[in-house]
Amino acid sequence: MPEGHTLHRLARLHQRRFAGAPVTVTSPQGRFAAGAAQVNGQRLTRTSVWGKHLFHHYAHGAIVHIHLGLYGTFTEHPVPMPAPVGLVRMRMVGADYGTDLRGPTACEVIDELAAADVLARLGPDPLRRDADPTLAWKRITKSQRAIGALVMDQAVIAGVGNVYRSELLFRHGIHPFRPGKTLDESEFDAAWADLVQLMRIGLRRGKIVVVRPEHDHGPPAYAPGKPRTYVYRRAGEPCRVCGTAVRTAVLEGRNVFWCPTCQN
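Residues numbered from 1 in each chain as written. Predicted model: local features only at pLDDT ≥ 70, side-chain atom pairs only at ≥ 80, totals over all residues. Heavy atoms only, no water.

## Thoughts on the overall build of the chain
Counting its secondary structure elements, the chain contains 7 helices and 10 strands. For a compact globule of 264 residues, the expected C-alpha radius of gyration is about 18 Å, and the chain comes in at 20 Å, within 12% of that figure. Principal axes of the C-alpha set define a box for the chain whose edges measure 60 × 40 × 30 Å. A buried classification covers 47% of the 264 residues belonging to the chain. For the chain, the proportion of contacts with a sequence separation of at least 24, taken over those separated by at least 6, is 58%. About 12,300 Å² of surface is accessible on the chain, with carbon and sulfur atoms providing 52% of the total. Within the chain, one finds 34 positive and 22 negative side-chain charges whose respective centroids are separated by 4 Å. (Helix = DSSP H or I, 4+ residues; strand = E, 2+ residues; numbered from the N terminus. Rg over C-alpha atoms; globule rule 2.2 N^0.38 Å. Buried < 20%, exposed > 50% of the residue type's maximum accessible area, 1.4 Å probe, protein only. Contact = heavy atoms within 4.5 Å. Areas by Shrake-Rupley, 256 points an atom, 1.4 Å probe, with all protein chains shown as cover. Lys, Arg positive; Asp, Glu negative; His and termini not counted. Charge placed at Lys NZ, Arg CZ, Asp CG, Glu CD.)

Next comes the structure, spelled out in structure tokens:
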């Protein structure tokens, strides 16, 4: 599932490509046909993001709300667009570029009140200037749930996925199964500040870069073209810092990774 920095990059791209002019919106697949008809030919005024939720705001008040989920992707082409390939939920075409959306969890037209309801369910987004980390801290400090689950709970912190979760906890020596309420405020403050910086790097570079230069050597990344990680998808491999075998377990339905020596 794309993490928050990916959605912020998409929002910036769509702002540059399409905002300020009418766009053609269709649903080649048909599942978004009624929604597409509501915004087709309307002027896209701006884009916004909160966590993993992308919003296209139109001049007449309609908002297209998109959540990519596990399988959603956008693909961009210069105009004229080629014929749709596969199940294209939404096609948006501007003067010079178009983009196809496939496989999202959500693609719907909503109004301002419904958008506010979506935001009300989310925790602070580290990439937003208006983020208030005290809201996340209050939820964490009152919870017996594992911190590894809380960090990835979108109602606690919006935009964090499995990579940032595992890597952030490693960087701060926090065991993922440690109860949230056992963290002290200084630990949370340091982790939040680090998360903001890491996600800003991801936003700028389009890649999740988490390994410090002095540790950026040894075994390759978990997949071609990916930067190295400390623990994510490295189960059984030696920790880049201490050499202990990285461990993994299922935490609330998702695999989490950690070093039993560095995170004790």
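Let's pick the thread back up.
## So, a positive patch on the surface
A grouping of Arg9, Arg12, Arg16, Arg129 and Arg200 is seen on the molecular surface, where their side chains present a positively charged patch. Among the elements that make up the positive patch, the one with the highest residue count is helix H1 (residues 4–18) (3 residues). Structurally, the position occupied by Arg9 is in helix H1. For Arg9, a relative accessible area of 36% corresponds to the partly exposed category. (Patch = residues over 30% accessible without salt bridge, like charges linked within 9 Å, V, L, I, M, F, W, Y side chains within 5 Å. Salt bridge = Lys/Arg side-chain N within 4 Å of Asp/Glu carboxyl O.)

## Notes on the environment of Arg171
Its location among the elements puts Arg171 in helix H6 (residues 162–171). Here the alpha-carbon distance between Arg171 and Tyr230, two residues 59 residues apart in the chain, equals 8.3 Å. Here Arg171 is in contact with Asp194, Leu198, Val210, Arg212 and Tyr230, once residues within four sequence places are set aside. One polar contact links Arg171 to Asp194, side chain to side chain, over a distance of 2.8 Å. (Polar contact = N/O pair within 3.5 Å; in protein donor to acceptor, adjacent residues only side chain to side chain.)

## Re the UniProt feature "domain: Formamidopyrimidine-DNA glycosylase catalytic" (unreviewed entry) in the chain
UniProt records the feature "domain: Formamidopyrimidine-DNA glycosylase catalytic" (unreviewed entry) at residues 2–94, using the numbering of this structure. Taken end to end, residues 2–94 comprises 24% helix and 35% strand; its first and last C-alpha atoms sit 25 Å apart. (UniProt positions renumbered as here; feature names shortened; annotations may be inferred.)

## Things to note about the side chain of Lys52
Examined against the element boundaries, Lys52 turns out to sit in the loop between strand S2 (44–50) and strand S3 (53–58). Glu3 provides the closest opposite charge to the buried, unpaired Lys52, separated from it by 5.8 Å. In this structure Lys52 touches Met1, Pro2, Glu3, Leu7, Ile66, His67, Gln154, Gly159, Val160 and Gly161, once residues within four positions along its chain are discounted.

## Side note on the sheet that holds strand S7 (residues 97–102)
Ordered by their spatial adjacency, 4 strands build an open sheet running S1-S6-S7-S5, and the pairing between neighbours is antiparallel. The sheet is open, and its two edges are formed by strand S1 (24–26) and strand S5 (73–78), each paired on a single side. When strand polarity is set aside, the average angle formed by the axes of neighbouring strands in this sheet is 15°. Note that strand S6 (residues 88–93) and S7 share 5 bridges and pair antiparallel. Following the sheet pairing, Val88 is matched in S7 by Arg102. Helix-sheet contacts for H1 involve S5, S6 and S7, and the interaxial angle to S7 is about 145°. (Pairing = 2+ DSSP bridges. Axes fitted to C-alpha atoms, helices over the stretch in contact; angles between N-to-C directions.)

## Regarding the side chain of Arg165
Secondary-structure assignment places Arg165 in helix H6. The charged side chain of Arg165 is buried without a salt bridge, its nearest counter-charge being Glu252 at 7.6 Å. One polar contact links the side chain of Arg165 to the main-chain carbonyl oxygen of Asn255, over a distance of 3.5 Å.

## Looking at H1
The terminal C-alpha atoms of H1, which comprises 15 residues, lie 21 Å apart, in line with the 21 Å expected from a rise of 1.5 Å per residue. All of the buried residues along H1 are Gly4, His5, Leu7, His8, Leu10, Ala11, His14 and Phe18. (Expected span 1.5 Å × (residues − 1).)

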